[in-house]
Amino acid sequence: MKLTRITSLAAGTMTLALVVSACSGSATTAPAASAAAASAQASSAGGAASAYVPPTDAGAAKGKTIAIISKGEQHQFWQAVKKGALDEAAKLGVTATYQGPATESEVDKQLTMLQTALSNNPAAVCFAALDSKAAGALLAQAQASKIPVVGFDSGVDSTIPVTTVATDNTAAAAVAADHMASLIGNAGTVGVIVHDQTSQTGITRRDGFLAQMAAKYPNIKVLPPQYGAGDAVKSADIAKAMMTANPDLKGFFGANEGSIKGVLNALKETGNEGKIVAIGYDSGQQQIDAITSGVEAGAITQNPIGIGSKCVDAAVDAINGKALPQKIDTGFSWFDKTNINNPEIQAVLYK
Amino acid sequence: MQTTTLLARSRVQSILRGDSIQRLLALGALLLLLAFFSAVVPHFASTNNYIDILTATAVNGVLATGVTFVIITGGIDLSVGTGMTFTSVVMGIVAVNLGLPLPLGLLAALAAGALVGSINGALIAKAKLPPFIATLGMLYVTLGMAQVISDVHPIYFDQQPAFQGFFMSKPIVGIPNIVWVMLGGAAIAWILLNKTILGRYTFALGSNEEATRLSGVNVDRWKIIIYAVDGLFIGLAGIVIASRMNSAQPGLGMGYELDAIAAAVIGGTSLSGGEGSVVGTIIGAFLISTLRIGLSVAGIPDQWKSVITGLVVIGAVWLDILRRRSRA
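The written sequence of each chain sets the order in which its residues are numbered from 1. Chain A is the first chain written and ligand 1 is the first ligand written, with later ones labelled in order. For a predicted model such as this one, the threshold for reporting local features is a pLDDT of at least 70, and the threshold for listing and counting side-chain atom pairs is 80 or more; totals across whole chains, interfaces and linings nevertheless cover every residue. Note: side-chain values were computed over all heavy atoms of the structure, leaving out hydrogens and water.

### A few points about the domain arrangement of chain A
Residues and elements named next belong to chain A.
- These domain limits were set by an automatic method or by a database of domain assignments. The assigned domain composition of chain A is domain 1 (47-167 + 304-330) and domain 2 (169-302).
- Taking only C-alpha atoms into account, the centre of domain 1 sits 30 Å from that of domain 2.
- At the interface, nine residues of domain 1 touch eight residues of domain 2.
- Two parts lose some accessible area (1.4 Å probe) when they are put together, and adding that loss for both gives the buried area. Taken as a group, His-75, Phe-77 and Thr-167 account for 47% of the area that domain 1 buries against domain 2, more than any other trio of residues on that side.
- When a carboxyl oxygen of Asp or Glu is within 4 Å of a side-chain nitrogen of Lys or Arg, the pair counts as a salt bridge. Where domain 1 meets domain 2, there are zero salt bridges.
- Each helix corresponds to a stretch of at least 4 residues labelled H or I by DSSP, and each strand to a stretch of at least 2 residues labelled E; elements are numbered beginning at the N terminus. Of all elements in the fold, only helix H3 (76-92) and helix H11 (304-319) reach the threshold of two or more residues within the side of domain 1 that touches domain 2.
- Tallied by class, residues from the side of domain 1 that touches domain 2 come to three nonpolar, four polar and two charged. In what follows, residue pairs with any heavy atoms lying within 4.5 Å of each other are defined as contacts. In this classification, the charged set is Asp, Glu, Lys and Arg, the nonpolar set is Ala, Val, Leu, Ile, Met, Phe, Trp, Tyr, Cys and Pro, and all remaining amino acids, among them Gly, are polar.

Written out as structure tokens, the structure reads:
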């Protein structure tokens, strides 16, 4: 009996601890400043991006190992990045390993993965940091061991990476804002649902959208962004709450696949399909169907396969000692009903 | 001496088995919260918004109902959220990938849930693992298996339009069927807990497992059965969440177990076992979603929503402890 009581007490305490850590888990980064730095970097390096020519063979890097540590593995987006990376590695004749934590708040798990990868002494590391500052010591260790680091996706906010392979999310979200403005006639109230407020992609897409709206469309009121953890059901509940609070809402911007799925679910559940403008990010079956049927006006797609392949390319170049541009832009596209079947769009969409 | 206290304690417990005090507290808090939001937050007081709250409660309400059973036995189930993901993926594989009729898919979800629950129960009753550890392990196993069998791809129910068509339609007073499914599940759980031998053993296990064993009850077998019942509700939650998304999403599920446990605890189910009620749990689940949606409609920043939700959980447990102390 005593033992049971102790166990249940321990269980209770740990449960509470879990509740607390779940609530605070996403508050691991503090980067208003680093967001600004990243966007400044993006705009300043914009010109250099097009200059990058990927290698056609591995040269001295042949047979060597490139460790890729991403921000996730389960999401369809990361599956596409993984495919791009592993296919490119196979093509060039290098070995690539790919891993990422289960959710994008598990900074500590990602650091363990990076640590393990470095201990195996790879020829290069590709790293999409969940929290650049937290990875500082390990990055210094990589530099000391002369292992080149290629940043990708949200990148690494540090001087150590030889280059960063990424989408210019600030510019992409601004394009989403332009389309939103023209679709609602440059006036009205708009809601923004974002996956989180700590990751670089969450921050840059949100701020890119908000900044463009503030700068160019004074008659559009953007509601304070709400956060749904990229969960399609939680984001739907949030979207419905925003519609309740703002009956005059004219449009929604969902900043990643899970967020826009939530918006689409909310529109369906409330019978507002086609009445409220929905603009999304990334792709996935549900979004592709909604755009084809006209329920969703359009979306920004990144090039996840390109992010994967270019980060392997950059790693191979780094192993061979080639100079790399500060930033390799993998591009983004706006797609809607009119161009969704174009081959160049189909090539970057994933289901 | 310890026996006397135990006896006294269980006698008091049997008087207060319905746990009416905490349940009334939770109900009072829920009504207060609804009244507060309705009065203060513009647009909150609308039929549509109340229906949104009901809809948002469905998944957590079903999960929390299941977890109430095991918490009353003095156990815990951390695998309910990812178990739910697993069951929804199993349903997708049966009803979409294999193209079998929808009812078979629904049965498969329930069966998968019962399987997860039985494994939890066997690990706890036969292998003698602490419930916290056994179900923590199963949290990862079910999440991983959901991804293995789906090849980490969401499964869409487009070719089964009757699925979302049924569960999300609103034939009765504009409330979607998933809410009635949750309430129906809760009603069944209430009968199981209060009118059957399974319920009696559930409370007996949580009050005094050793005494229950000594009185000739096959404790191990009943534990497995109780965890399997919990599993059936996990399967039901898998159906409910998949119907909202019209898809099975293999990456989802972490964190749902905490909402479910919080709902049970707010509703007066004691983490040390022996006490709890389904009615309280459902009230607790409504309280959580009322709080979330109310704060969202009010436009409270996300970080404060987390803080406030956490404080409510702490407050509920603290009230429970105060009540317990005053009774002792």
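### Notes on the pairing of strand E4 (residues 149-152) of chain A
Residues and elements named next belong to chain A.
- The two faces of E4 match: Val-149 and Gly-151 on one face and Val-150 and Phe-152 on the other face are all buried.
- The pairing of strand E3 (residues 124-127) with E4 spans three bridges and is classified as parallel. Residue Phe-127 lies in a different strand from E4, and its bridge partner there is Gly-151.
- In the classification by handedness, the crossover that spans E3, the intervening helix H5 (residues 136-144) and the parallel E4 is right-handed.
- Two strands pair when backbone bridges link them, and E4 and strand E5 (residues 163-166) are joined in this way by three bridges, in the parallel orientation. Counterpart to Phe-152 in the pairing with E5 is Val-165. Note on classification: 1.4 Å probe, protein chains only; a residue is buried when its accessible area is under 20% of the maximum for its type, exposed when over 50%, partly exposed between these limits. One requirement defines pairing of two strands: DSSP has to find at least two bridges between them. Seen with its strands pointing away from the viewer, a crossover is right-handed when the path leading from the first strand over the helix to the second is clockwise.

### Observations concerning the pattern of salt bridges
- Overall, the coordinates contain 17 salt bridges over all chains when judged by the stated rule.
- For the salt bridge of Glu269(A) with Arg244(B), the shortest nitrogen-to-oxygen distance reads 2.9 Å. Of the two residues, Glu269(A) is situated in helix H9 (residues 257-270) and Arg244(B) in helix H11 (residues 219-245); the pairing between them involves two chains.
- Here Glu269(A) falls in the buried class, since its relative accessible area comes to 12%.
- Relative accessible area serves as the criterion here: at 2%, Arg244(B) is assigned to the buried category.

### Topic: the interface of chain A and chain B
- Across the contact, 41 residues belong to chain A and 45 residues belong to chain B.
- Taken together, both faces of the contact between chain A and chain B bury some 3800 Å²; the carbon and sulfur share is 59%.
- Joining chain A to chain B, the criterion identifies three salt bridges.
- Ionic pairing is found between Arg244(B) and Asp237(A), a salt bridge with its closest N-O pair at 2.9 Å.
- Pairing of N or O atoms within 3.5 Å defines a polar contact, subject to two protein rules: one partner must be a possible hydrogen donor and the other a possible acceptor, and residues neighboring in sequence count only if both atoms are side-chain atoms. The interface formed by chain A and chain B holds nine residue pairs in polar contact (both at pLDDT 80 or more) in total.
- Secondary structure elements with two or more residues in the side of chain A that touches chain B: helix H1 (2-24), H3, strand E8 (226-227), helix H8 (232-245), H9 and helix H10 (285-293) of chain A.
- Ranked by residues supplied to the side of chain A that touches chain B, first place goes to H1(A) with 12 residues.

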